[in-house]
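As a plain string of letters, each chain reads:
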Amino acid sequence: MTVHAPDGAVRRSGRRRTRTALLAGAGALAALAVALYGAGIAARGTGELRIPAPGATTLLRVAVFAALALHLGELAGARLAGEGLRPRPWAVWAALGGAAASAGQIVVLADVSGLDLTAAYGTREGGLLLLMANGFALAAACAALARPGWALAPLALVTGAEALRAHPEPYTPELGTALTVVHLTAGSLWVGGLLYVLRVAHLRGGGVRGAREALTRYARLAGWLYAALAVTGTCSTLRRLPADVVLSSAYGRVLIAKLVLVAVASALALTARRRMHRRRARHGGDATAPARAELAVLAAVVVVSALLTVVPDPHWISTRLTLQ
């Protein structure tokens, strides 16, 4: 016997899907606008030098960060998921996207520098980007060969190369690189791990014990990830952002926007955790709703983090103010 859902329930479900699609589309357009125009808006009135091709560079770095989050999050989420149904793997496509985005940055570098591709490979940044592209390609091969654990080594190579690329400064680059490695790894696991366990929860159904356990295990890990992000982010900020240009530099303005978004994501994470505790105590509460909202905010954090790597080094404007 076939049981049909009531027409009202079908209509409500359709409206929810439409509303979700519209919100996702609006969010994607907003993220695209921030990536393309954010650097120029943030630097307005600061007197800082214009960065070549900021929009294209930001978009490509968003793709790199997203690829790293998807792949690392899937590796961690597979361990957190426990027994039961698993969502379709995205690791191969994520890694291939990261390889393409890394190679795309080399093309942009060659274009803005007036170099051919061979000469661009020979620069410090070009060599690191080539290393990242190769690392992503190796990670994709590991995933395609059904050896997902092997991908950890090339992904570590990608993370280290990105950390070196992001810290070309002459003052204690080793410390900056180490902080970025930890920060980027923790951030990738937070975003990618949350995405994976939400996919698990959706696949298994919100009331299934396996889905609840996956979310609970992720929540425990997220606490440690948040602590790592807070410590490394604070140390990096103290190193990279002089106090006198917090509001007058593009870096400071973008960082403030990132901190606001992280605060919102943290509040949503705490809300989800409280609802999980109430659910275990049989007082109801759906943890997936705030967790989905948290994931949406974290997607915005990824975009703003990519933008933060594009805007000028704030030490230049601080030095100029000191000389004046």
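You'll find the structure just up there.
What counts and what doesn't
Residues numbered from 1 in each chain as written. Predicted model: local features only at pLDDT ≥ 70, side-chain atom pairs only at ≥ 80, totals over all residues. Heavy atoms only, no water. Helix = DSSP H or I, 4+ residues; strand = E, 2+ residues; numbered from the N terminus. Expected span 1.5 Å × (residues − 1). Buried < 20%, exposed > 50% of the residue type's maximum accessible area, 1.4 Å probe, protein only. Phe/Tyr/Trp six-rings, centres within 6.5 Å; stacked < 30°, edge-to-face > 60°. Lys NZ or Arg CZ within 6 Å of the ring centre and 35° of its normal. Patch = residues over 30% accessible without salt bridge, like charges linked within 9 Å, V, L, I, M, F, W, Y side chains within 5 Å. Areas by Shrake-Rupley, 256 points an atom, 1.4 Å probe, with all protein chains shown as cover. Salt bridge = Lys/Arg side-chain N within 4 Å of Asp/Glu carboxyl O. Core = buried A, V, L, I, M, F, W, Y, C linked by side-chain atoms within 4.5 Å. Contact = heavy atoms within 4.5 Å. Bend = angle between axes of the 7 residues up to and from the residue.

Engineer: Please clarify how helix α10 (residues 288–308) should be interpreted in this entry.
Structural biologist: Quick reminder: α-helices carry 3.6 residues per turn. Residues three or four places apart thus point the same way. The end-to-end C-alpha distance of α10 is 30 Å, a good match for the 30 Å that 21 residues give at a rise of 1.5 Å each. In terms of burial, α10 is largely enclosed, as 15 of its 21 residues are buried.

Engineer: Before we go on, may I ask you to explain the packing of aromatic side chains in this structure?
Structural biologist: Aromatic ring pairs: the centre-centre distance and the angle between the two ring planes describe each pair. Taken as a whole, this structure holds 1 aromatic pair when the rule is applied. Ring geometry for tryptophan 190 versus tyrosine 226: centroids 5.9 Å apart, planes at 85 degrees, classification edge-to-face. Of this pair, tryptophan 190 sits in helix α7 (residues 173–204) while tyrosine 226 sits in helix α8 (residues 209–240), placing them 36 residues apart in sequence. We classify tryptophan 190 as buried; its relative accessible area is 6%. Overall, tyrosine 226 belongs to the partly exposed group, its relative accessible area being 38%. Over the ring of tryptophan 150 we find arginine 147, and its NZ or CZ is 5.5 Å from the ring centre. The ring centre of tryptophan 90 lies 3.6 Å from the NZ or CZ of arginine 199, which sits over that ring.

Engineer: Explain a nonpolar patch on the surface here, please?
Structural biologist: Judged by side-chain polarity, Leu29, Leu32, Leu36, Tyr37, Ile41 and Leu59 come together as a nonpolar surface patch covering roughly 580 Å² of accessible area. If you tally residues by element for the nonpolar patch, the top one is helix α1 (residues 7–42), at 5 residues. For leucine 36, the position within the fold is in helix α1. We classify leucine 36 as partly exposed; its relative accessible area is 34%.

Engineer: I'm lost on unusual backbone geometry in this one. Help?
Structural biologist: Positive phi, normally seen in glycine, also occurs at alanine 53, with a value near 45 degrees. Residue placement: alanine 53 occurs in the loop between α1 and α2 (54–80). We classify alanine 53 as partly exposed; its relative accessible area is 26%. Even without being a glycine, alanine 146 presents a positive backbone phi close to 60 degrees. Mapped onto the elements, alanine 146 comes out in the loop between α5 (124–144) and α6 (152–166).

Engineer: I'm lost on the nonpolar core in this one. Help?
Structural biologist: Note on soluble globular proteins: their nonpolar side chains tend to be buried together. By size, the foremost hydrophobic cluster in this structure holds 55 residues, and its most contacted members are Leu68, Phe136, Leu155, Trp190, Leu194, Tyr218 and Leu298. Counting residues per element, the ones that place at least two in this core are α2, α3 (91–113), α5, α6, α7, α8, α9 (250–280) and α10. Not counting chain neighbours up to four residues away, the residues in contact with leucine 155 comprise Leu68, His71, Leu72, Leu75, Phe136 and Ala139.

Engineer: Which parts of the structure should I look at to understand the environment of proline 154?
Structural biologist: Position of proline 154 relative to the elements: it lies in helix α6. The spacing of proline 154 and methionine 132 is 22 residues in sequence and 8.5 Å in space, taken between C-alpha atoms. If we ignore the near neighbours within four places in the chain, the residues touching proline 154 are Gly135, Leu138 and Ala139.

Engineer: How should α2 be read in this particular structure?
Structural biologist: The end-to-end C-alpha distance of α2, which contains 27 residues, comes to 37 Å, matching closely the 39 Å that a straight helix rising 1.5 Å per residue would cover. If you look at α2, its biggest bend is around 25 degrees, right at glutamate 74. Looking one or two residues past α2, glycine 82 carries a phi angle of roughly 70 degrees, positive in sign.

Engineer: How do you make sense of the pattern of salt bridges when you look at a structure like this?
Structural biologist: If the charged atoms of two oppositely charged side chains come close together, the side chains can form a pair. In this structure the tally under the stated criterion is 3 salt bridges. Close ionic contact of arginine 61 with glutamate 125 constitutes a salt bridge, the shortest N to O distance being 3.3 Å. Here the residue arginine 61 occupies a position in helix α2, and glutamate 125 occupies one in helix α5, the gap between them amounting to 64 residues. For arginine 165, the salt bridge goes to glutamate 162, with nearest N and O atoms at 2.9 Å. Within this pair, arginine 165 and its partner glutamate 162 are both found in helix α6, separated by 3 residues, close to a single helical turn. As far as the burial class goes, arginine 165 and glutamate 162 line up, both buried. Each of Arg61, Glu125, Glu162 and Arg165 takes part in a single network of salt bridges with overlapping partners.

None of this, on its own, says anything about what the molecule does.
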